[in-house]
Amino acid sequence: MRNIINSAEVSQHTIKLQQMGAKVQVINSTLCYVHFNIEGLDLEYVYNINYNGNYFLERIQPYPLAIEEFDTEHDLVKLIQSDVNKFRNAMKSRHVDRFISIAKQINKTFTTFEDTFLNYNIPTEKVDKIYKKILALEFEIDMIREIAKGIELEDPEDN
Amino acid sequence: MELYHVIAAVGIFVAIYMVIISEKINRTTIAVFGASLLLLFKILTQEQALSKIDFNTIGLLIGMMIIVSITRRTGAFEYLAIWAAKAVKGEPWRIIVVFSIFTAVASAMLDNVTTILLIIPITLVITDTLETDPIPFVLPLILSSNIGGTATLIGDPPNIMIGSAAGLGFIDFIKNLTPIIIVIMIVVIFIFRLLFRKSLHITEEKRMKIMQMDEKLAIKDSVLLKKCLVILGLTIGGFVAHQYLGFESATVALIGAAVLMLISKVDPEEVLLEIEWATLFFFVALFILVGGLEEVGVIRILANGMLNITQGKLVLMLVLILWGSALLSSVLDNIPFVATMIPLIKSMGELSGMDITPLWWALALGACLGGNGTLVGASANVVGSGMLAKHGQKLTFMRYLKYGFPIMIVTIVISTVYLLVFYL
């Protein structure tokens, strides 16, 4: 019964979106929720297997990140495994908590920026200023990559 | 047949029925379990169990579910609903009337739950646009769906079961039930007017928002729509002529479904995913459970008892079946009830030698219209209230009862008069 009621709710959304001018395509799919606990850190993903056999992967914890679309289940599992390995290694770092809070802050900053941009008339000089600061931040990250020692992780394929 | 077979068959049937009523376990799960117990205790052999399944009912349901699953992808129902709402200039009371009639007619041709699933989403979009309480809109649709479904062979599963078991065709239902259902709909719309009209006030600005809706945007696939309309028309034509052509109604529905799947090019996996397999397995298991009672002779004993109570008088049987079915169907699932009543009525006919055709109409009217009595009386009620709950509006059992039960009583009184005047 729940499925029937949900499908009716989809119809309701579809009608409203169509009246707004959208073309809506409803695709049956399966949503998979994946949870790891790495030394107390919750690492969570969702991916969606759609009608055409494509996979849309997104990390939802410790901070949200749209990852990418895959054609095969092999590529999807490989990426999750690689991601998990990186986090497992990151947990050994003294800076892991700061790293996660910085990543969360970047997400929050983007949301605030979007909200400001879409709801306010922003003067050109302020837009330029934000852009320059972002470029400076990117430059700073690139510099860190230049000087820091790279981490060699096992290729999931080798397992 | 050993005595223990009789005791086991009755015990299993009563226990399973109780669990279905209690809703503690999914109805399909428990019914299939009950049917398997009949095989385990050797009350029925596998061959006997299979022979008890009414494949005409199952085939008709599958065929219509496939046709509806493909047709609903076209957006035709949404198109018609928006067009109708604009045709009555967005006036709330007129929308209720036109949607109620639309629901009743659609329910006569499609399953009630399907109709509710098609009409309520667009109704909720309209009530959102009008910023008004959706319950005075949705409640008449639920009631109209159960009433309209009573009108034809294919409108409601109990009718499909009755038609198949009694050898009554589409035209028999049209001749015997459609006229009284039209009368009932007219009376019920008048009651809706008394109940709801005063509570419907909207501003001109909101009404204009309805007029700005574009029905053409609802059409998702105009080529598919044309194909569906042709096949739906031919299938309904097939139902009208099936008795003359020598086809079972399931054959007509399955041919229509097969042709539509072929010409629509919709992925069959997608279509078959939308078939209500749980409902179909529930039917299969019920046929086997009731078949077990038949096999051990319990149905014959019950039929004898009923003939003794009514002293073999048709008028008493008619009234008893009509009112008994209506009251029980208002609180119980009408499908297991009708599945049990069918062999009982057949057996009464064999024992008494009388023409039992009026009893089939009494059963159809009682079981289908009875569903309007309470919120749990019919699947359409449960689905409709569930959709309202998802929308943040609670249609409580008591609020439904306040409107549904008196309307159900009125429809059964009209049916009683109709049966007594025209069939005795």
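Being a predicted model, the structure only gives us computed values, none of them experimental.

Student: Sorry, what's going on with the overall build of chain B here?
Tutor: Assigned secondary structure in chain B consists of 22 helices and zero strands. Its C-alpha radius of gyration of 22 Å places chain B within 12% of the 22 Å reference for a compact globule of 424 residues. C-alpha atoms of chain B, sized along the principal axes, occupy 75 × 50 × 45 Å. Classification of the 424 residues of chain B by burial places 57% in the buried group. For chain B, restricting intrachain contacts to residue pairs at least 6 apart in sequence, the fraction spanning at least 24 positions comes to 82%. Accessible area for chain B stands at about 17,300 Å²; split by element, carbon and sulfur atoms hold 67% of it. Across chain B, the mean location of the 28 positive side-chain charges is 8 Å away from that of the 28 negative side-chain charges.

Student: Explanation requested: a nonpolar patch on the surface in the structure shown.
Tutor: All names here are of chain A. A surface patch of nonpolar side chains, amounting to about 600 Å² of accessible area, comprises Phe 110, Phe 113, Phe 117, Leu 118, Ile 130 and Ile 134. When residues of the nonpolar patch are traced back to their parent elements, those giving at least two are helix 3 (96-119) and helix 4 (124-147). Sorting elements by how many residues they give to the nonpolar patch places helix 3 first, with four residues. For Leu 118, the position within the fold is in helix 3.

Student: Just checking my understanding: could you explain a negative patch on the surface for this structure?
Tutor: Taken together, Glu68(A), Glu69(A), Asp71(A) and Asp75(A) make up a surface patch of like negative charges. Following the sequence through the fold, Asp71(A) ends up in the loop between strand 4 (65-70) and helix 2 (73-90).

Student: Explain the pattern of salt bridges here, please?
Tutor: Proximity of charged atoms lets side chains of opposite charge pair with each other. Overall, the coordinates contain eleven salt bridges over all chains when judged by the stated rule. With its nearest N and O atoms 3.0 Å apart, the salt bridge here joins Asp83(A) to Arg59(A). On the criterion of sequence distance, the pair formed by Asp83(A) in helix 2 and Arg59(A) in strand 3 (residues 55-61) is long-range, its members being 24 residues apart. For the pair formed by Asp83(A) and Arg59(A), the shared burial category is buried. With a shortest N-O distance of 3.9 Å, Glu131(B) and Lys209(B) are connected by a salt bridge. One end of the pair, Glu131(B), is in the loop between helix 7 (112-130) and helix 8 (135-149); the other, Lys209(B), is in helix 12 (residues 204-211), and 78 residues separate them in sequence.

Student: Just to check I follow, could you spell out unusual backbone geometry for this structure?
Tutor: With the exception of glycine, the majority of residues adopt a negative phi angle, and the majority of peptide bonds are in the trans configuration. Of note, the amide linkage connecting Gln61(A) to Pro62(A) takes the cis form, showing an omega dihedral of 10°. Position of Pro62(A) relative to the elements: it lies in the loop between strand 3 and strand 4. Backbone geometry places Lys42(B), a non-glycine residue, at a positive phi of 55°. Positionally, Lys42(B) belongs in the loop between helix 2 (27-40) and helix 3 (46-52). Exposure remark for Lys42(B): the relative accessible area of 66% places this residue in the exposed category. A positive phi angle is found at Lys265(B), which is not glycine, with a value near 60°. Relative to the helices and strands, Lys265(B) is located in the loop between helix 14 (249-264) and helix 15 (268-273).

Student: Even after reading the chapter, I still don't get the packing of aromatic side chains, so can you show me in this structure?
Tutor: Within a pair of aromatic rings, the relevant descriptors are the distance that separates the centres and the angle that separates the planes. Residues and elements named next belong to chain A. Applying the stated criterion across every chain, the model contains 14 aromatic pairs over all chains. Pairing Phe 36 with Tyr 45 gives two aromatic rings, centres 6.3 Å apart and planes at 90°, and the pair type is edge-to-face. You can call Phe 36 partly exposed: its relative accessible area is 27%.

Student: Explain the interface of chain B and chain A here, please?
Tutor: The parts lose accessible area when they come together, and the size of an interface is often stated as this lost area. Contacts between chain B and chain A engage 25 residues on the former and 16 residues on the latter. Roughly 1,900 Å² of surface becomes buried between chain B and chain A when both sides are summed, with 62% attributable to carbon and sulfur atoms. When the area that chain B buries against chain A is broken down by residue, the three leading residues are Leu217(B), Glu270(B) and Lys390(B), summing to 25%. At the junction of chain B and chain A, the tally comes to two salt bridges.

Student: Teacher, can you tell me more about the layout of surface pockets here?
Tutor: To locate leftover empty space, one rolls a probe as large as a water molecule over the atoms. Residues and elements named next belong to chain A. Considered as a void within the structure, the second largest pocket measures approximately 1,400 Å³ in volume. Where the lining of the second largest pocket is concerned, the elements lending two or more residues are helix 2, helix 3 and helix 4. At six residues, the largest contribution of residues to the lining of the second largest pocket is made by helix 3. Classifying every residue of the lining of the second largest pocket gives 16 nonpolar, five polar and five charged.

Student: What is the right way to read the confidence of the model for chain A from this model?
Tutor: Interpretation of the predicted coordinates at a detailed level should be avoided for regions scoring low in pLDDT. Summarising the model, chain A shows a mean pLDDT of 85, and 92% of its residues fall at 70 or more. When the elements of chain A are averaged for pLDDT, strand 4 of chain A gives the smallest value, 77, and helix 4 of chain A the largest, 91.

Student: Explain the sheet that holds strand 2 (residues 41-49) of chain A here, please?
Tutor: Two modes of strand pairing occur in sheets, parallel and antiparallel, and in both the strands are linked by backbone hydrogen bonds. All names here are of chain A. Read from one edge of the open sheet, four strands run 1-2-3-4, paired in antiparallel fashion. The two strands at the open ends of the sheet, each matched to only one other strand, are strand 1 (30-38) and strand 4. The mean angle between the axes of side-by-side strands here comes to 20°, regardless of whether they run parallel or antiparallel. Here six bridges tie strand 2 to strand 3, and the two strands are oriented antiparallel to one another. The partner of Tyr 47 across the bridge, within strand 3, is Leu 57. The sheet strands contacting helix 2 are strand 1, strand 2, strand 3 and strand 4, and the helix crosses strand 2 at an angle near 170°.

Cut-offs and rules
- Each chain has its residues counted from 1, running along the sequence as written.
- Here every chain gets a letter starting at A, and every ligand a number starting at 1, in the order they are written.
- Totals for whole chains, interfaces and linings use all residues, but because this is a predicted model, local features are given only for residues with pLDDT of at least 70 and pairs of side-chain atoms are given and counted only at 80 or more.
- To get the side-chain values, all heavy atoms of the structure are used, and hydrogens and water are removed first.
- A run of H or I in DSSP becomes a helix once it reaches four residues, and a run of E becomes a strand once it reaches two; helices and strands are each numbered from the N terminus.
- To get the radius of gyration, use the C-alpha atoms; to get the globule rule, take the number of residues to the power 0.38 and multiply by 2.2 Å.
- Buried, partly exposed and exposed residues are distinguished by accessible area as a fraction of the type maximum, computed with a 1.4 Å probe on protein chains only: under 20%, between the cut-offs, and over 50%, respectively.
- Should any heavy atoms of two residues lie within 4.5 Å, those residues are counted as being in contact.
- Using a 1.4 Å probe, accessible areas were evaluated by the Shrake-Rupley method; residue-level cover was limited to the displayed protein chains.
- Positive charge is attributed to Lys and Arg, negative charge to Asp and Glu, and no charge count is given to His or to the chain ends.
- Charge placement uses NZ in Lys and CZ in Arg. For Asp and Glu, CG and CD serve respectively.
- Residues enter patches when their relative accessible area tops 30% and they take part in no salt bridge; the joining distance is 9 Å for like charges and 5 Å for the nonpolar side chains Val, Leu, Ile, Met, Phe, Trp and Tyr.
- We count a salt bridge whenever a side-chain nitrogen from Lys or Arg sits within 4 Å of a carboxyl oxygen from Asp or Glu.
- Note on aromatic contacts: the rings of Phe and Tyr and the six-membered ring of Trp form a pair at centre separations within 6.5 Å, being stacked when their planes are under 30 degrees apart, edge-to-face when over 60 apart, and tilted otherwise.
- A 1.4 Å probe defines the accessible area here, and the buried area is the portion of it lost by two parts on being joined, summed over both.
- Put plainly, a pocket is an open set of points on a 1 Å grid over the protein atoms alone with protein on both sides within 12 Å along at least five of seven lines, a cavity is a set where a 1.4 Å probe fits but cannot get out, and a lining residue has an atom within 4 Å of a point.
- Grid points are joined across faces, edges and corners, and a volume is the space filled by probe spheres set on the points.
- Ten residue types, Ala, Val, Leu, Ile, Met, Phe, Trp, Tyr, Cys and Pro, are classed as nonpolar, four, Asp, Glu, Lys and Arg, as charged, and the remainder, Gly among them, as polar.
- Per-residue confidence from the prediction method is given by pLDDT, with values spanning 0 to 100.
- Each pair of strands is called paired provided DSSP finds at least two bridges between the two strands.
- Working convention: axes come from line fits to C-alpha atoms, limited for helices to the stretch in contact. Angles between N-to-C directions cover 0 to 180 degrees.

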